[in-house]
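# Working through the structure, step by step
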Amino acid sequence: MTLIKTSLLNGLAVVIKMLTLLGINKVLAIYVGPAGYAAVGQFQNAVQMITTFASGAINTGVTKYTAEYHQDEAKQRLVWGTAGSIVLFGSLMTSIIIAIFNKPLASWFLKSEDYGGVFLWFSGALVLFTLNTLLIAILNGKKEINRYVLANISGSILALIITTILAVYFKLYGALIALALYQSVSFFATLTFCYKTSWFRIEHLFGKIDKEIALNLSKFAAMALTSVICVPLSQIILREHIGENFGWQSAGYLEAMWRLSGAYLMLITTTLSVYYLPRLSEIRNSIEIRSEIIQGYKVILPSVIIGVVFIYLLRDYLILLLFTSEFLPMRDLFAWQLIGDILKIGSWILAYLMLSKAMSSSYITLEIIFSLSYLALSWLFTRELGLSGVVIAYTVNYLFYWIFVAIAVRKLLFDGVRI
């Protein structure tokens, strides 16, 4: 399946997901306000980190090896059985730990033990949460794009319904519970779509752990764990820094900017994971890899540039449409954030090549270095420029990240070797 065809099919799911996310943003803006937004962001980062640890951080590896072994169903089943057993064990153990330490976790992430019940809900739903992401990874690797799209659409709609109901009736507490639950509910929709395929059997998801496959998956686990520690943790630290130095209203503006950025970039980032990861995993020749990367830059980067221009010009209307008038001060963050988004996508096209070829040491090194540099630049710039310093740091950081990723993958692109 071509990049353009995949983008169009995936675009349907992403448009619906964007609309539901924007709907969720509006609900949250009305019922929790800017300060509540910051708390939602803190909890969302906690969910990211915990679910990645619970799943063994192997879903990217599952997609890669499912695609790579596309002509060997027996090998695919070994991958799924090994992955499923790791996910089940990891999520059960993590659920128990979350339940035991629900109040300390609430105190650390949400600044109040009163939210301990949110973590109890999360612990009860975690197994289904991680199994849902595993099934999504398998559908992606099998290139079952239609079912992948339907599964994502179902999850998006369920997220909107659950968040709206709980936020309206229970305000911030309800919004946090919704974040803890909705992907677990989505598991049943995803399972239905998988169950209708010729290759799916429940027994294929669990089995004896194959040592060789577990070792291969561990490379992706190391990369995913690095990302899930560095990215959410850096956001948590920055939120704390902004909240304590500029007020939690300002932290809410920053969170709203991040969420808006993530929503409109979703079409691009999901296309990278849905098309590029399986496709680059299959290719062994650097000439073909270079052709795919060039095609990506021709299609993806101009789309991002056009998108950010429109968003910048319409920023005031978007803030009022998607949030409330309380969020208008965030308009000053748009310019640098949008420039940074262009640089981010430019760098990620190459970063997915590192993922697909399991360049774990290079990937991990760059993730750590540039997460630390983002924090350092943010602290430095906010001292002189206030809240805008965070988005300026974001842009500068991704400029250098793109340069260093290009250096890391240059041999894969230009040496003409088989990989």
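This text goes with the structure placed above it.
So, here is what we can say about the structure in this document. Just so we're clear, the structure is a prediction, and the values are computed from it rather than from any experiment.

### Quick word on the packing of helix α4 (residues 73-100) against helix α8 (residues 211-246)
Orientation of α4 relative to α8, taken along the N-to-C sense of each, is 70°, at an axis distance of 10 Å. Relative to α8, α4 is oriented roughly perpendicular. Where α4 crosses over α8, the handedness of that crossing is right-handed. Contacts between α4 and α8 involve Lys75, Leu78, Val79, Thr82 and Ala83 from the first element and Ile213, Ala214 and Leu217 from the second. In terms of residue class, the contact of α4 with α8 is built from six nonpolar, one polar and one charged.

### Notes on the side chain of arginine 315
Of note, arginine 315 is situated in helix α12 (residues 315-322). One buried charge, arginine 315, has no salt-bridge partner; the nearest side chain with opposite charge is aspartate 316, at 4.8 Å. A distance of 2.7 Å separates the side chain of arginine 315 from the backbone oxygen of tyrosine 312, its partner in a polar contact. Leaving out residues up to four positions away in the same chain, arginine 315 has contacts with Arg331 and Phe334.

### Some remarks on the pattern of salt bridges
The final tally for this structure, using the stated rule, is four salt bridges. Arginine 331 is the partner of aspartate 316 in a salt bridge, and the nearest nitrogen-oxygen pair spans 2.7 Å. Of this pair, aspartate 316 sits in helix α12 while arginine 331 is found in the loop between α12 and α13 (334-356), placing the two residues 15 residues apart along the sequence. Since its relative accessible area comes to 29%, arginine 331 is described here as partly exposed. When salt bridges that share partners are traced, they join Arg239, Glu255 and Arg259 into one network.

### Observations concerning the nonpolar core
Within the largest apolar cluster, 91 residues are counted, with the highest numbers of intra-cluster contacts made by Val62, Val304, Phe323, Phe327, Met330, Phe334 and Met354. With twelve residues, α13 is the largest single contributor of residues to this core. Formed by 37 residues, the second largest nonpolar core is a distinct cluster that contains Leu28, Ala125, Leu126 and Leu166.

### A short note on the packing of helix α3 (residues 59-68) against α8
Here α3 crosses α8 at 130°, and the two axes come no closer than 7 Å. When the axis of α3 is compared with that of α8, the two are oblique. In terms of crossing hand, the pair formed by α3 and α8 is right-handed. The segment α3 lies against α8, with Thr60, Gly61, Val62, Lys64 and Tyr65 engaging Asn216, Leu217 and Phe220. Looking at the contact of α3 with α8, its residues break down into four nonpolar, three polar and one charged.

Rules of the game
- Residues numbered from 1 in each chain as written.
- Predicted model: local features only at pLDDT ≥ 70, side-chain atom pairs only at ≥ 80, totals over all residues.
- Heavy atoms only, no water.
- Axes fitted to C-alpha atoms, helices over the stretch in contact; angles between N-to-C directions.
- Helix = DSSP H or I, 4+ residues; strand = E, 2+ residues; numbered from the N terminus.
- Parallel < 35°, antiparallel > 145°, perpendicular 65-115°, else oblique.
- Left-handed = near helix turned anticlockwise from the far one by under 90°.
- Contact = heavy atoms within 4.5 Å.
- Nonpolar A, V, L, I, M, F, W, Y, C, P; charged D, E, K, R; others polar.
- Buried < 20%, exposed > 50% of the residue type's maximum accessible area, 1.4 Å probe, protein only.
- Lys, Arg positive; Asp, Glu negative; His and termini not counted.
- Salt bridge = Lys/Arg side-chain N within 4 Å of Asp/Glu carboxyl O.
- Polar contact = N/O pair within 3.5 Å; in protein donor to acceptor, adjacent residues only side chain to side chain.
- Core = buried A, V, L, I, M, F, W, Y, C linked by side-chain atoms within 4.5 Å.

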